[in-house]
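Breakdown of the fold
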Amino acid sequence: MTLFPRKLEEWYKTFTKEERNWLIIALIIALIMSTTTLTWHALDREHQVPVETMEVAPDVFMEKAMRFSMEYAGKVIPEGVDIYLAGVQFRWIPKELKLKKGVTYKIWISSGDVLHGFSLLGYDGTVYNVMVMPGMAYAVNVKFDKTGVYEIRCNEYCGLGHQYMIGKIVVVE
Ligand code: CUA
(Lines give C-alpha, C1' and ligand atoms only; values in the text may rest on other atoms or scores of the structure.)
Protein backbone atom coordinates (compact mmCIF):
# COMPACT_ATOMS: atom_id res chain seq x y z
CA MET A 1 0.00 0.00 0.00
CA THR A 2 1.31 3.38 -0.93
CA LEU A 3 0.25 6.47 0.92
CA PHE A 4 0.12 9.73 -0.90
CA PRO A 5 0.36 12.93 1.04
CA ARG A 6 -2.57 15.23 0.54
CA LYS A 7 -2.57 18.93 0.29
CA LEU A 8 -4.53 20.82 2.94
CA GLU A 9 -7.01 22.09 0.33
CA GLU A 10 -7.89 18.52 -0.57
CA TRP A 11 -8.93 17.74 3.02
CA TYR A 12 -11.00 20.86 3.36
CA LYS A 13 -13.09 20.69 0.24
CA THR A 14 -16.45 22.39 0.53
CA PHE A 15 -19.44 20.17 1.29
CA THR A 16 -21.37 18.56 -1.49
CA LYS A 17 -25.12 19.14 -1.47
CA GLU A 18 -25.76 15.65 -0.03
CA GLU A 19 -23.21 16.08 2.75
CA ARG A 20 -24.69 19.41 3.71
CA ASN A 21 -28.22 17.99 3.76
CA TRP A 22 -27.17 15.10 5.99
CA LEU A 23 -25.47 17.48 8.38
CA ILE A 24 -28.62 19.59 8.62
CA ILE A 25 -30.78 16.47 9.24
CA ALA A 26 -28.37 15.26 11.94
CA LEU A 27 -28.41 18.67 13.60
CA ILE A 28 -32.22 18.76 13.60
CA ILE A 29 -32.37 15.26 15.15
CA ALA A 30 -29.83 16.25 17.81
CA LEU A 31 -31.84 19.37 18.65
CA ILE A 32 -35.12 17.43 18.92
CA MET A 33 -33.51 14.79 21.15
CA SER A 34 -31.86 17.24 23.52
CA THR A 35 -35.02 19.35 23.79
CA THR A 36 -37.10 16.24 24.55
CA THR A 37 -34.63 15.11 27.21
CA LEU A 38 -34.54 18.48 28.95
CA THR A 39 -38.33 18.90 28.80
CA TRP A 40 -38.83 15.38 30.17
CA HIS A 41 -36.42 16.08 32.99
CA ALA A 42 -38.22 19.30 33.92
CA LEU A 43 -41.76 17.92 33.71
CA ASP A 44 -41.51 14.37 35.01
CA ARG A 45 -40.42 14.79 38.63
CA GLU A 46 -41.77 11.41 39.71
CA HIS A 47 -39.14 9.30 38.04
CA GLN A 48 -36.11 11.31 39.08
CA VAL A 49 -34.25 8.49 40.79
CA PRO A 50 -32.08 8.07 42.75
CA VAL A 51 -32.81 10.93 45.15
CA GLU A 52 -29.53 10.60 47.04
CA THR A 53 -26.26 8.76 46.64
CA MET A 54 -23.35 8.04 48.92
CA GLU A 55 -20.15 6.07 48.92
CA VAL A 56 -20.19 2.94 51.04
CA ALA A 57 -17.90 -0.05 51.47
CA PRO A 58 -19.65 -3.19 50.09
CA ASP A 59 -19.07 -5.23 53.28
CA VAL A 60 -20.44 -2.43 55.48
CA PHE A 61 -23.57 -2.17 53.37
CA MET A 62 -23.99 -5.96 53.30
CA GLU A 63 -23.92 -6.05 57.07
CA LYS A 64 -26.55 -3.29 57.25
CA ALA A 65 -28.79 -5.13 54.78
CA MET A 66 -28.43 -8.46 56.62
CA ARG A 67 -29.23 -6.86 59.95
CA PHE A 68 -32.22 -5.09 58.40
CA SER A 69 -33.34 -8.35 56.81
CA MET A 70 -33.25 -10.19 60.15
CA GLU A 71 -35.01 -7.40 62.01
CA TYR A 72 -37.93 -7.05 59.61
CA ALA A 73 -38.31 -10.60 58.24
CA GLY A 74 -42.04 -11.18 57.72
CA LYS A 75 -42.94 -7.86 59.35
CA VAL A 76 -44.53 -4.79 57.84
CA ILE A 77 -41.90 -2.06 57.74
CA PRO A 78 -43.10 0.96 59.75
CA GLU A 79 -43.29 4.45 58.32
CA GLY A 80 -40.09 6.49 58.63
CA VAL A 81 -37.73 3.52 58.68
CA ASP A 82 -35.02 3.55 56.03
CA ILE A 83 -34.80 0.31 54.09
CA TYR A 84 -31.51 -1.33 53.13
CA LEU A 85 -31.53 -3.57 50.09
CA ALA A 86 -28.37 -5.30 48.89
CA GLY A 87 -27.88 -7.07 45.60
CA VAL A 88 -25.49 -10.02 45.59
CA GLN A 89 -24.95 -12.89 43.19
CA PHE A 90 -27.75 -13.98 42.84
CA ARG A 91 -30.31 -12.61 45.23
CA TRP A 92 -31.63 -9.55 46.95
CA ILE A 93 -31.22 -9.12 50.69
CA PRO A 94 -33.88 -8.95 52.07
CA LYS A 95 -35.59 -11.11 49.48
CA GLU A 96 -38.97 -9.71 50.44
CA LEU A 97 -40.11 -6.33 51.72
CA LYS A 98 -43.49 -5.81 53.30
CA LEU A 99 -44.66 -2.21 52.90
CA LYS A 100 -47.75 -0.24 53.78
CA LYS A 101 -49.95 1.25 51.08
CA GLY A 102 -49.77 5.04 50.67
CA VAL A 103 -46.59 5.44 52.70
CA THR A 104 -43.41 6.87 51.20
CA TYR A 105 -40.35 4.78 52.01
CA LYS A 106 -36.73 5.48 51.36
CA ILE A 107 -34.91 2.44 50.04
CA TRP A 108 -31.11 2.42 50.05
CA ILE A 109 -29.79 0.11 47.38
CA SER A 110 -26.24 -1.12 46.90
CA SER A 111 -24.25 -4.12 45.76
CA GLY A 112 -22.18 -6.51 47.83
CA ASP A 113 -20.09 -7.76 44.93
CA VAL A 114 -20.48 -6.94 41.24
CA LEU A 115 -22.60 -4.60 39.14
CA HIS A 116 -26.33 -5.28 39.42
CA GLY A 117 -29.42 -3.43 38.33
CA PHE A 118 -32.53 -2.59 40.32
CA SER A 119 -35.75 -2.70 38.34
CA LEU A 120 -39.00 -2.28 40.17
CA LEU A 121 -41.91 -3.52 38.13
CA GLY A 122 -45.49 -2.66 38.91
CA TYR A 123 -48.68 -3.37 37.05
CA ASP A 124 -49.79 0.25 37.12
CA GLY A 125 -46.71 1.48 35.35
CA THR A 126 -44.56 2.03 38.42
CA VAL A 127 -41.10 1.45 37.10
CA TYR A 128 -37.85 2.41 38.71
CA ASN A 129 -34.49 1.64 37.19
CA VAL A 130 -31.27 2.14 39.08
CA MET A 131 -27.84 0.84 38.20
CA VAL A 132 -26.40 -0.75 41.35
CA MET A 133 -22.66 -0.37 41.58
CA PRO A 134 -20.59 -1.84 44.40
CA GLY A 135 -19.17 0.96 46.54
CA MET A 136 -22.13 3.27 45.97
CA ALA A 137 -25.50 3.36 47.70
CA TYR A 138 -28.51 4.90 46.01
CA ALA A 139 -31.67 6.05 47.73
CA VAL A 140 -35.02 5.89 45.97
CA ASN A 141 -38.32 7.08 47.38
CA VAL A 142 -41.16 4.71 46.68
CA LYS A 143 -44.85 4.96 47.42
CA PHE A 144 -47.45 2.42 46.42
CA ASP A 145 -51.07 3.39 45.92
CA LYS A 146 -52.26 -0.16 45.38
CA THR A 147 -51.82 -3.31 47.40
CA GLY A 148 -50.28 -6.30 45.71
CA VAL A 149 -47.00 -7.93 44.85
CA TYR A 150 -44.32 -6.05 42.96
CA GLU A 151 -41.20 -7.62 41.53
CA ILE A 152 -37.64 -6.43 41.84
CA ARG A 153 -35.53 -7.75 39.01
CA CYS A 154 -31.85 -7.46 38.34
CA ASN A 155 -31.44 -5.73 35.01
CA GLU A 156 -27.67 -5.90 34.59
CA TYR A 157 -26.09 -9.17 33.59
CA CYS A 158 -24.15 -10.21 36.71
CA GLY A 159 -23.27 -13.85 36.10
CA LEU A 160 -24.76 -17.26 35.45
CA GLY A 161 -27.58 -16.91 37.97
CA HIS A 162 -28.58 -13.42 36.86
CA GLN A 163 -32.07 -14.45 35.78
CA TYR A 164 -32.88 -15.86 39.23
CA MET A 165 -32.17 -12.58 40.96
CA ILE A 166 -35.76 -11.67 41.70
CA GLY A 167 -36.98 -9.90 44.82
CA LYS A 168 -40.43 -9.07 46.02
CA ILE A 169 -42.25 -6.11 47.50
CA VAL A 170 -45.56 -6.96 49.11
CA VAL A 171 -47.80 -3.97 49.64
CA VAL A 172 -50.47 -4.30 52.30
CA GLU A 173 -53.24 -2.08 53.68
CU1 CUA B 1 -27.65 -9.22 39.53
CU2 CUA B 1 -28.03 -9.59 37.26
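How each quantity is defined
- Residues numbered from 1 in each chain as written.
- Predicted model: local features only at pLDDT ≥ 70, side-chain atom pairs only at ≥ 80, totals over all residues.
- Heavy atoms only, no water.
- Salt bridge = Lys/Arg side-chain N within 4 Å of Asp/Glu carboxyl O.
- Helix = DSSP H or I, 4+ residues; strand = E, 2+ residues; numbered from the N terminus.
- Buried < 20%, exposed > 50% of the residue type's maximum accessible area, 1.4 Å probe, protein only.
- Pairing = 2+ DSSP bridges.
- Axes fitted to C-alpha atoms, helices over the stretch in contact; angles between N-to-C directions.
- Contact = heavy atoms within 4.5 Å.

Quick notes on the pattern of salt bridges
What the rule picks out here adds up to five salt bridges. Arginine 67 is paired through a salt bridge with glutamate 63; the nearest N and O atoms lie 2.5 Å apart. Of this pair, arginine 67 and glutamate 63 both sit in helix 3 (residues 58-71), four residues apart, roughly one helical turn. Since its relative accessible area comes to 51%, arginine 67 is described here as exposed.

Concerning unusual backbone geometry
That bond from glutamine 89 to phenylalanine 90 is cis: its omega, -5°, falls within 30 degrees of zero. Structurally, phenylalanine 90 is set in the loop between strand 2 (83-88) and strand 3 (91-93). Residue isoleucine 93 is joined to proline 94 through a cis peptide bond whose omega torsion reads -5°.

Notes on the sheet that holds strand 3
Here we have five strands laid out as an open sheet, ordered 1-8-5-2-3, and mixed in their pairing. Because the sheet does not close on itself, it has two edges, and the strands there are strand 1 (52-55) and strand 3. Taken pair by pair, the neighbouring strands of this sheet meet at an average axis angle of 25°, ignoring direction. Direction of pairing for strand 2 relative to strand 3: antiparallel, over a ladder of three bridges. When the sheet's bridge partners are listed, alanine 86 is paired in strand 3 with isoleucine 93. Running over the sheet, helix 3 touches strand 2, strand 3, strand 5 (104-111) and strand 8 (136-143) and is turned about 120° from strand 2.

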